[in-house]
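Coordinates in review
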Amino acid sequence: MALARSFADARAVAEALRPGYPVYCLRPHVLARQAKRFLTQFPGEVLYAVKCNPHPLVVDALYKAGIRHFDTASLPEIAQIAETYPDARLYFMHPVKGRAVIKNAYRVYGVRHYVVDHEAELEKVLAETGGREVTIMVRINTPPSEGTLYHLSAKFGADPEQAAALLKRADQAGCKVGIAFHVGSQCLRPEAYGVALDLCGEILAAAGVQPVAIDVGGGFPARYVEMDSPPLSEFFQAIRDGLKAISVPPTVEIYCEPGRALVAAGCSLLVQVQLRKDRQLYVNDGIYGSLSETVDAGIRLPARRIRLGDDEPETEDTLDFTLNGPTCDSLDVVPGVFELPADTREGDWIEIDQVGAYSNALATHFNGFFPETFVLVQDPSPAFQEGAREAAA
Ligand SMILES: *Cc1c(COP(=O)(O)O)cnc(C)c1O
């Protein structure tokens, strides 16, 4: 397991390392709290969607908190989890897989759950596994939900008729069958899960098959600035109600595949100001590094300034600053503004919070910059200190 130094908080990190490079401050206790929340409140198995943050320290914190099921979507993800945690159960939840990859997942790593959304993919999985002991999860298309950042059904998912045909064919081929969906990431409407479950009920009735599993996917929201996300408990209740409404027998396994909601609050990012021009701050991480989702998903992140070695009292005045990333690319500017102390200057650090999801996982090496330093910190996450609502949810 990767080792990382541990500090009281991001200020202690700045004091000890004086880092001129971006540093991820990982909070294992926050990851553990989110994991416990899912494990105790979700009515079924919790599969961590590894793509959201595959860093070994993140995965390890979730494993230690009790997560044993993993939504994996590539052979490297499968190998990483299977070789580190022999007792983990892996699910291959990518609707499009290479033949050699299916063969390896099945024979080398013992993966038995495969998602499909097309006849040709189903035939591929049957051919490469023989269908023995295999559960085929049919991924369905769900209607777009307002207030969701990404609508994933635009790329994947079978229409109802096609889904019913896939379920029948897999059943006739001797596989166990299930049904899966993903309402879209950062979903702000619990009802979206109820609507999708209704559709599952209709499709299962049309197919006339007995499912062994229903997978409600990911999409559970994290807490960002200016985005009012209902507490997770409302999503779990909508799922419970949705399952009841379609009379799912208790023998059917229920899965969820959270990524973002499990890990977003588990990391903050310490960046340093390298130059100030009026209200423009030039910092050492940006949209080609840890912060691409501020563009692609329009999320806004909470931030606070950290200054060392200044005995003067902190100014109460604040200004709205723009953060410019480190590359020469003129697009490398974080959208929106960050409210920070008015005297923020070169050498100060900024701790940007809620960056555990789709951050390091998406970072590029563009222009020679790559955020790769992880340390552990022990304080509550900064955003949670401000708002007690989510902590109590
Ligand atoms: C990305 C993904 C997830 C995780 O989604 P979040 O919105 O981060 O919860 C879950 N399942 C599948 C199939 C995915 O592709």
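Above this text sits the structure in question.
Residues numbered from 1 in each chain as written. Predicted model: local features only at pLDDT ≥ 70, side-chain atom pairs only at ≥ 80, totals over all residues. Heavy atoms only, no water.

**Observations concerning the overall build of the protein chain**
To keep it simple, the criterion reads: Where helices and strands are cited, they refer to DSSP runs of H or I of at least four residues and of E of at least two residues respectively, numbered from the N terminus. C-alpha atoms define the radius of gyration, and 2.2 Å times the number of residues to the power 0.38 defines the globule rule. Partly exposed residues are those whose accessible area sits between 20% and 50% of the maximum for their type, while under 20% is buried and over 50% is exposed, using a 1.4 Å probe and protein chains only. In this description, contact between two residues means that some pair of their heavy atoms is separated by no more than 4.5 Å. Surface accessibility in these figures is a Shrake-Rupley result with a 1.4 Å probe; residues are shielded only by whichever protein chains are displayed. Under the convention used here, Asp and Glu are negative, Lys and Arg are positive, and both His and the chain ends fall outside the count. For this purpose, a charge sits on NZ of Lys, CZ of Arg, CG of Asp or CD of Glu.
Scanning the protein chain for helices and strands turns up 13 helices and 17 strands. Relative to the compact-globule value of 21 Å for 393 residues, the protein chain shows a C-alpha radius of gyration of 22 Å, a close match. Expressed as lengths along the three principal axes of its C-alpha atoms, the size of the protein chain is roughly 75 × 40 × 40 Å. The proportion of buried residues among the 393 residues of the protein chain is 55%. Expressed as a percentage of contacts within the protein chain between residues at least 6 apart in sequence, the contacts between residues at least 24 apart total 74%. When the accessible area of the protein chain is evaluated, it comes to approximately 16,300 Å², of which 51% is carbon and sulfur surface. For the protein chain, the centre of its 37 positive side-chain charges and the centre of its 51 negative side-chain charges are spaced 5 Å apart.

**So, the site of the ligand**
This is how it is decided: Near is defined per residue: the residue qualifies when any heavy atom it owns lies within 4 Å of the molecule or strand. We call two N or O atoms a polar contact when they sit within 3.5 Å, provided that within protein one can donate a hydrogen and the other can accept it, with sequence-adjacent residues counted only if both atoms are side-chain atoms. Residues are sorted three ways: Asp, Glu, Lys and Arg are charged, Ala, Val, Leu, Ile, Met, Phe, Trp, Tyr, Cys and Pro are nonpolar, and all the rest, Gly among them, are polar.
Near the ligand there are 14 residues, and of these Lys51, Ser185, Glu257, Arg260 and Tyr358 occur at the shortest range. In the model, an oxygen atom of the ligand is placed 2.9 Å from a nitrogen or oxygen of the glycine 219 main chain. For the ligand, an oxygen atom lies 2.5 Å from a polar atom in the side chain of tyrosine 358. Isolated, the ligand exposes 390 Å² of accessible area, and the fraction of that covered by the protein chains is 91%. The residue inventory of the shell around the ligand, partitioned by class, reads four nonpolar, five polar and five charged.

**Section: the nonpolar core**
Among soluble globular proteins, nonpolar side chains are generally buried collectively. Rule in force here: Here, nonpolar core refers to any group of buried Ala, Val, Leu, Ile, Met, Phe, Trp, Tyr and Cys residues whose side-chain atoms link them within 4.5 Å. Each domain span listed reflects an automatic or database assignment of domains.
Tyr48 and Phe220 are the most contacted members of the largest nonpolar core, which has 102 residues in total. In terms of residues, this core owes the most to one element, helix H8 (residues 191-207), which gives nine residues. Residue assignment places this core across two domains, with domain 1 (6-25 + 265-384) and domain 2 (28-263) each supplying three or more. Those residues within four positions of phenylalanine 220 in sequence are excluded, and the remaining contacts are Phe38, Tyr193, Leu232, Phe235, Phe236, Ile239, Cys256, Pro258, Arg260 and Ala261. Counting 13 residues, the second-largest nonpolar core is a separate cluster that includes Phe7, Val13, Leu308 and Val377.

**Comments concerning the sheet that holds strand S8 (residues 176-180)**
Operational definition: By the convention used here, strands pair only if DSSP detects at least 2 bridges between them. Structural elements are reduced to axes, namely lines fitted to C-alpha atoms, with helices fitted over the stretch in contact, and the angle between N-to-C directions of any two is expressed from 0 to 180 degrees.
Ordered in space as S3-S4-S5-S6-S7-S8-S9-S10, the eight strands form a closed barrel in which the pairing is parallel. Going from strand to strand, the sheet's axes swing by 25° on average, the running direction of each strand aside. Of the strand pairs in this sheet, strand S4 (residues 69-72) and strand S5 (residues 89-92) are connected by four bridges, and their pairing is parallel. Bridge pairing in S5 places histidine 69 opposite arginine 89. Against the sheet, helix H7 (residues 160-172) contacts strand S7 (135-139) and S8, and its axis sits at roughly 160° relative to S8.

**Focus: the pattern of salt bridges**
Heads up, the condition is: Each salt bridge in this description consists of a side-chain nitrogen of Lys or Arg and a carboxyl oxygen of Asp or Glu lying within 4 Å of one another.
Applying the stated criterion across every chain yields a total of 18 salt bridges. Note that arginine 99 is salt-bridged to glutamate 128, the shortest N-O span being 3.2 Å. Of this pair, arginine 99 sits in helix H5 (residues 99-107) while glutamate 128 sits in helix H6 (residues 119-129); the two residues are 29 residues apart in sequence, bridging distant segments of the chain. Look at glutamate 128 and you get buried, because its relative accessible area is 15%. The residue arginine 305 makes a salt bridge to aspartate 343 at a minimum N-O spacing of 2.6 Å.

**Some thoughts on the side chain of glutamate 121**
Tracing the sequence through the fold places glutamate 121 in helix H6. A distance of 2.8 Å separates polar atoms of two side chains, one belonging to glutamate 121 and the other to lysine 124. Once you skip the residues sitting within four places of it in the chain, glutamate 121 turns out to touch Pro95, Val96, Lys97, Ile102 and Val116.

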